[in-house]
Structure formats: structure tokens, C-alpha cells
Amino acid sequence: MVYLDNAATTRISDAVLQNMLPYLRIGYGNPGSVHTLGRQSFEAVETARQRVAFLLEVPAQNIIFTASATEANNMVLRCTRERLRERPDIVVSAGEHDSILRTAFDVERREKGHVFKVPLMESGRIDTLALMDIVERHRDSIGLVSIMRANNETGAVNPVENIFPKLQSLGILTHSDCVQAAGTEPLEHISHVCDFITLSAHKIHGPKGVGALYVKDKEALVPLITGGSVQEYGLRGGTENVAGIVGFGKACELASKNLAENVQNINMKSGKFFSVLTEQLARMGLIDILHFNGESQNSKTYSIRFDGIPAETLLMMLDANEIYVSAGSACTAHDTGLSHVLSAMGLSPEEIRSSIRISFSTMNTMDEMLFAACGLATCVQRIHKSL
Ligand code: PLP
């Protein structure tokens, strides 16, 4: 089996699992309990908070644990309304994850204020000039801008570090969904220009069901889930998922410690994959049908298409060969069935229907790269012949 769907989720690392197990077996105290078992859990959560904070180089007390990045994104859009009372408009990019896009439009339906969508360029990055134009025209009513760092379908990277300082100087709150950027680049230059940052454990070899929100000023938020007044600084009720949070902390520690090495490792794997793939396609006389959608800059995620080859057929054939890739975001279920990201980049429906996403991790081996690239080229050739 070759797993090349690491933008959807990653395999949990052994070290992460080992760190979690004691908190599922014997360290089961509630972090809110005052006895020793409870205090041990509390301390484990606080250590994890420091590790997550270290990844962003922010103070630990500004990290709020959630049950997912989806929840963290919801908090930013739904729970800042009080702060945005005077400036209720929100700006998001057309390439955002559904947990931002759908939530923003839900907020628009329920509350006052408009949502402005920033278009994408062919590269997959946001159109910065269009964003600045929107901000210029509505500078008195825009209260929040949410732009993801790395796109989950194309790997395109948005230059938020250049854009956000200007927005902050206008009194606009800035949020970046860094779920796909974590573990692929240093993030401190991003956190310094953000009021909010979203992270997810399962994209960096941590467990599923744990996310985090960096909140620069906790006064800007009210809880999405009310409950325990001391849990997560009163901003997220519910007994903490101690083992999951511990795993998240360890995953962040590993991601920070081995960052340069990991990036080099993934680059080597993706480099090998694409060199074998192009070699094979050239040998088959099919090199001209391969296209890259946009420009991946985050090493991990690539969107490619083969002219005339339906992605659905290709994915099924790859699946039968135990090569796991995807057609796009794992949680996209739009009515049209077409990726909103590729659509915003100007791809035609036909081009989108022949696009697949390939995403790598350090856990992939060089042998897998050879096997998967040859397998992919062979599947493309077989489908091409049958057309
Ligand atoms: N944001 C981005 C960019 C993502 O890729 C994902 C997951 O695919 C999410 C948010 C949601 O993450 P979670 O699964 O933790 O809710």
C-alpha cells in the first residue's frame, strides 16, 4: 500500500502514540480534578500547550484546544461578532477550506454584515491586489480577514506575512488557517502578523479530533461551546481530550524539532515521484497530457491533471493497485461535485474532473515513490488506450 493522501490526514507517529497511551490507560484523571491523578492530567495538557505554542513561537496561554480545526475556524468567524459589532464585514479567500467558506456564508445569513470573497490567481494564490481593493473600498466596515497560509488542494502558499500587517494597521482582525502549513515551514513570521491561527493535529502525524486556535487577545472571543468556566480559559467548555492533546503536543514538538530535515525529506520524495512519473509518461509518449494545477510551494501537496483522463476512473484503478490519492479535499461535497478551489483558479469543469491531488509525508519511502509513480503512469496509459 502506498498512501499519498497526506493532505487529508497523516499516519500517527509511533512517538506520538507512545506519549498518548499512558493517558488512555492509567493517567485518566480529569484535568479539572484537584487530586494527584487530575493534576497529572492538567500538567500533561499544559505541557502540550507549550509545545503547540512553541511551533508558532507564541505564549502558551494564547493557545485554546478544540476538537478540530473546523471548530477552531468556526470560533473565529462566529465568536468574534461582539468585537465586530461596528465593522461586521468579513473577507475570506475563494480557496479557503469549507470550514471557513460555509461558516462565513452561514454567519452572513444570520448576522449583519457581508462576506467578500477574494479571487484566486492561476497559481492558486490569492489575488492580493483584489484583496487590497476590497479593503480600500470597505475599510470602515471590514472587521476580519481570513486567508489560509497553504492550500489543502494545490499546496499554493499565500503571502499573509506581507498582507496582514497593513490590515492590522487598519484595525482589522487577521486569521490564517495554517493547518496545511504546519510542519512544512517555520510559522513564527506568520504568527507575528495574525490575531488568530488554526492548527490541526492529524495533519502532522498526531491524532484525529484535536485542533487548536491561537488567539492573540482572548477578550476578542466568546465561547462557541459554553460549559466549564475554567476549561480552556472559559473559551471552550468540555472535559479536555487529554490523550489527544498530549499527542498533538508531541506531534508539534517533532514538527518543530525536525522541520528542516522533514522538509528536505519530503522534497526528496516528491522530487523522485515526479521525476519517475515524467520519465515514464515521456517513454509512453504521454508527457503532453500531464499538467500541474497552480504552483505548489509547500512541498507536501500537488494538484495535477491528465487531459481526457477522468479522475474518478483513475482513482478507482489506483485504489485497486493500493495506491491511495484523492480527487481533492476529503471533506468537499459541493452540489456540483467540482472543487471550488480549482474552479476559482479558472480551470474548466472538464479539467477539474481530470484532476487528482497527491500529497506526501516523511513516512513515505523512496521505494514507494518508484512504485506509485510507475503505477500511476501505467494506469494513465491504460485508460488513455481505452478512450
Ligand atoms: N483547514 C484546512 C486547510 C484543512 O485542510 C482541513 C482538513 O482537511 C481543515 C481545516 C479541517 O481540519 P479538521 O479535520 O481538524 O477539522
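Now for a description of the structure that goes with this document. (Residues numbered from 1 in each chain as written. Predicted model: local features only at pLDDT ≥ 70, side-chain atom pairs only at ≥ 80, totals over all residues. Heavy atoms only, no water.)

Things to note about the packing of helix α1 (residues 14–25) against helix α8 (residues 242–257)
- The contact between α1 and α8 brings their axes to 8 Å, and the two run at 155°. Considering their axes alone, α1 and α8 lie roughly antiparallel with respect to each other. As for how α1 packs across α8, the hand of that crossing is right-handed. Contacts from A15, V16, N19, M20, Y23 and L24 of α1 reach α8 at V242, A243, G244, V246, G247, K250, A251 and L254.
- For the contact of α1 with α8, the per-class residue count stands at 10 nonpolar, 3 polar and 1 charged. (Axes fitted to C-alpha atoms, helices over the stretch in contact; angles between N-to-C directions. Helix = DSSP H or I, 4+ residues; strand = E, 2+ residues; numbered from the N terminus. Parallel < 35°, antiparallel > 145°, perpendicular 65-115°, else oblique. Left-handed = near helix turned anticlockwise from the far one by under 90°. Contact = heavy atoms within 4.5 Å. Nonpolar A, V, L, I, M, F, W, Y, C, P; charged D, E, K, R; others polar.)

Focus: the site of the ligand
- Of all residues adjacent to the ligand, which total 14 residues, the nearest are T70, D177, Q180, S200 and K203.
- At 2.6 Å from an oxygen atom of the ligand is found a side-chain nitrogen or oxygen belonging to T70.
- A total of 390 Å² of accessible area belongs to the ligand in isolation, and the protein chains cover 90% of it.
- No other element matches helix α3 (residues 69–78), which puts 3 residues into the shell around the ligand.
- Among the residues forming the shell around the ligand, the class breakdown is 3 nonpolar, 9 polar and 2 charged. (Near = heavy atom within 4 Å. Polar contact = N/O pair within 3.5 Å; in protein donor to acceptor, adjacent residues only side chain to side chain. Areas by Shrake-Rupley, 256 points an atom, 1.4 Å probe, with all protein chains shown as cover.)

Concerning the pattern of salt bridges
- Under the defined criterion, the tally for this structure stands at 19 salt bridges.
- Ionic pairing is found between R109 and D106, a salt bridge with its closest N-O pair at 3.0 Å. One end of the pair, R109, and the other, D106, are both in helix α4 (residues 98–110), 3 residues apart, so they sit about a helical turn from each other.
- A relative accessible area of 64% places R109 in the exposed class.
- Linked through salt bridges whose partners overlap, the residues forming this network are R78, D106, R109 and R110. (Salt bridge = Lys/Arg side-chain N within 4 Å of Asp/Glu carboxyl O. Buried < 20%, exposed > 50% of the residue type's maximum accessible area, 1.4 Å probe, protein only.)

Considerations on the sheet that holds strand β2 (residues 63–66)
- Pairing is mixed across the open sheet formed by 7 strands, whose spatial order is β2-β8-β7-β6-β5-β3-β4. Edge positions in the sheet fall to β2 and β4 (115–118), since each of these pairs with one other strand and no more. Strand-to-strand twist in this sheet, taken as the mean axis angle between neighbours without regard to direction, amounts to 20°.
- As defined by bridge partners, strand β3 (residues 89–93) adjoins β4 across 4 bridges and the pair is classed as parallel. Looking across to β4, one finds that S93 is bridged to V118.
- Across the sheet, helix α6 (residues 160–169) lies against β5 (142–146) and β6 (173–177), angled at about 160° from β6, the strand it touches most. (Pairing = 2+ DSSP bridges.)

Structural notes on the pairing of strand β12 (residues 355–359)
- The buried count for β12 comes to 5 of 5 residues, which makes it a mostly enclosed element.
- Here β12 shows no split at all, with S355, R357 and S359 on one side and I356 and I358 on the other all buried.
- Of the strand pairs in this sheet, strand β10 (residues 301–306) and β12 are connected by 5 bridges, and their pairing is antiparallel. Bridging across to β12, Y302 finds its partner in I358.

A look at the side chain of R236
- With respect to the helices and strands, R236 occurs in the loop between β8 (211–215) and α8.
- Here E71 takes part through its side chain, which lies 2.7 Å from a polar atom of the side chain of R236.
- Excluding residues within four positions of it along the chain, R236 makes contact with I64, F65, T66, A67, E71, P223, I225 and Q231.

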